[in-house]
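Now for the letters of each chain:
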Amino acid sequence: MTRVRALIVDDEPLARARLQRLLRARADVEVVGSAANADEAVEKITELAPDLIFLDVQMPGLGGFDVLRQIGGGGRPFVIFTTAHAQYALRAFEVHALDYLLKPFDEERLNASLDRALPIIGGSEWTERFIVKSAGRIMFLRADEIAWIAAADNYVYLHVNGGSHLVRDSLKAMEKKLDPERFARVHRSAIVNLSSIAELKPLDHGDYEVTLRDGTRLTATRKFSTRLRALHR
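All chains use their own residue numbering, which begins from 1 and follows the written sequence. Selection of residues for local features in this predicted model requires a pLDDT of at least 70, selection of side-chain atom pairs for listing and counting requires 80 or more, and totals for whole chains, interfaces and linings are taken over all residues. Processing note: side-chain calculations cover all non-hydrogen atoms of the structure and skip hydrogens and water entirely.

A. Seen up close, a nonpolar patch on the surface. Like-charged residues are merged into a patch within 9 Å and nonpolar side chains (Val, Leu, Ile, Met, Phe, Trp, Tyr) within 5 Å, provided each residue has over 30% relative accessible area and no salt bridge. The Shrake-Rupley method, run with a 1.4 Å probe sphere, supplies the accessible areas, and residue values consider only the shown protein chains as cover. The rule for a salt bridge is simple: a side-chain nitrogen of Lys or Arg has to be within 4 Å of a carboxyl oxygen of Asp or Glu. Nonpolar side chains collect at one region of the surface, where Tyr155, Tyr157 and Leu166 lie side by side and expose about 260 Å² of accessible area between them. With respect to the helices and strands, the residue tyrosine 157 is situated in strand β9 (residues 155-160). Exposure is judged per residue with a 1.4 Å probe applied to protein chains only, and the accessible area is read against the type maximum: over 50% gives exposed, under 20% gives buried, and values in between give partly exposed. Residue tyrosine 157 is classed as partly exposed on the basis of its relative accessible area of 34%. Comment: elements are numbered from the N terminus, with helices defined as DSSP H or I runs of at least four residues and strands as E runs of at least two.

B. Main features of the pairing of strand β12 (residues 190-193). Here β12 shows no split at all, with Ala190 and Val192 on one side and Ile191 and Asn193 on the other all buried. The pairing of strand β11 (residues 183-187) with β12 spans four bridges and is antiparallel. Its bridge partner being in β12, alanine 184 is matched across the sheet by valine 192. From the end of β11 to the start of β12, which pair antiparallel, there are two residues. Strands are labelled as partners when DSSP assigns at least two bridges between them.

C. Local environment of the sheet that holds strand β15 (residues 217-220). With antiparallel pairing, the three strands of this open sheet are ordered in space as β13-β14-β15. Each having just a single partner strand, β13 (197-202) and β15 make up the two edges of the open sheet. On average, adjacent strands in this sheet sit at an angle of 25° to one another, irrespective of strand direction. Of the pairings in the sheet, the one linking strand β14 (residues 208-212) to β15 comprises four bridges and is antiparallel in character. Its bridge partner lying in β15, valine 210 is registered against leucine 218. Here an axis means a line fitted to C-alpha atoms, over the contact stretch when the element is a helix, while the angle between two N-to-C directions is reported on a 0 to 180 degree scale.

D. Local environment of the sheet that holds β9. Strand order in this open sheet of five strands is β10-β9-β8-β12-β11, and the pairing throughout is antiparallel. Because the sheet does not close on itself, it has two edges, and the strands there are β10 (163-167) and β11. Each neighbouring strand pair of the sheet contributes to a mean axis angle of 25°, computed without reference to strand direction.

E. Structural detail: the nonpolar core. Among buried residues, the Ala, Val, Leu, Ile, Met, Phe, Trp, Tyr and Cys ones that are joined through side-chain atoms within 4.5 Å form a nonpolar core. With 23 residues, the main nonpolar core has Val9, Ile53, Leu55, Val67, Leu68, Phe81 and Tyr100 as its most contacted residues. Of all the secondary structure elements, the ones that give two or more residues to this core are β1 (4-9), α2 (38-48), β3 (52-55), α3 (64-71), β4 (78-83) and α4 (89-94). When residues in this core are grouped by element, the largest group, five residues, is from α2. Core analysis: the next-biggest nonpolar cluster, separate from the first, contains 18 residues, Val4, Leu23, Phe54 and Ile80 among them.

F. Structural detail: the packing of α2 against α3. As a packed pair, α2 and α3 sit with axes 9 Å apart at the nearest point and diverge in direction by 40°. Of the possible angle classes, the one that applies to α2 and α3 is oblique. Classified by chirality, the crossing of α3 by α2 is right-handed. Contacts between α2 and α3 pair Ala38, Ala41, Val42 and Ile45 from the former with Val67, Gln70 and Ile71 from the latter. Put simply, Ala, Val, Leu, Ile, Met, Phe, Trp, Tyr, Cys and Pro go in the nonpolar bin, Asp, Glu, Lys and Arg in the charged bin, and everything else, Gly too, in the polar bin. Split by residue class, the contact of α2 with α3 holds six nonpolar, one polar and no charged. Should an angle fall under 35 degrees it is called roughly parallel, over 145 degrees roughly antiparallel, and 65 to 115 degrees roughly perpendicular, with every other angle called oblique. Here is the rule for handedness: rotate from the far helix to the near one, and if that takes an anticlockwise turn smaller than a right angle the crossing is left-handed, while a clockwise turn gives right-handed. Every residue pair with non-hydrogen atoms within 4.5 Å of one another is taken to be in contact.

Below you can see the structure in the form of structure tokens.
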């Protein structure tokens with residue numbers, strides 16, 4: 001079993017000790033060190049090259065976001081924030097944090113976070129979760145919840161359970177983030193979750209009518225129908 005090498009960064013000794021104790025129960029995580037402040041964190045990250053850091057947001061002097069700014073983006077460890085302050089959640093995911101654990105989190109919440117994070121750390125290149133803002137709330141959508149995606153200029157609509165969420169991204173960029181075994185571009189302005197397809201109907205000139213499980217009907221043009229033709233055989 002490959003073990004993920006983790007560094008704990010928190011200015012509270014009891015919080016560091018508790019997290020280290022909880023992580024000891026995981027056979028797939030090795031705590032390689034800890035740090036009590038931002039300067040020490042940068043030093044330990046440089047020295048130990050951990051795969052994952054559990055990072056507090058607010059610490060005396062420089063905080064967690066300062067740590068990330070100092071170590072830069074290239075080859076940076078994955079991050080799970082651990083904090084008592086809910087207001088930084090959106091900012092955390094804007095810097096691509098894997099999760100945001102609000103103190104006091106329990107062992108079950110920690111393990112759920114790690115169970116989602118470790119496959120990503122282990123090498124999955126596809127985005128499995130998307131962040132959306134809806135009615136003043138921050139929501140997290142799993143990729144497999146998305147039925148289809150529609151382009152809207154510099155935005156996309158993520159269609160989920162009969163509703164939709166607007167996200168600032170291009171369809172081309174979204175296509176690169178999604179597992180091609182599960183999602184297919186069917187039109188210059190649409191991507192479909194293959195598991196959401198209820199029916200394929202061949203049309204003229206190599207096109208297809210695609211009916212989704214929620215009743216949505218889309219036209220897959222010949223240019224983008226290679227995957228659908230393979231499904232239809």
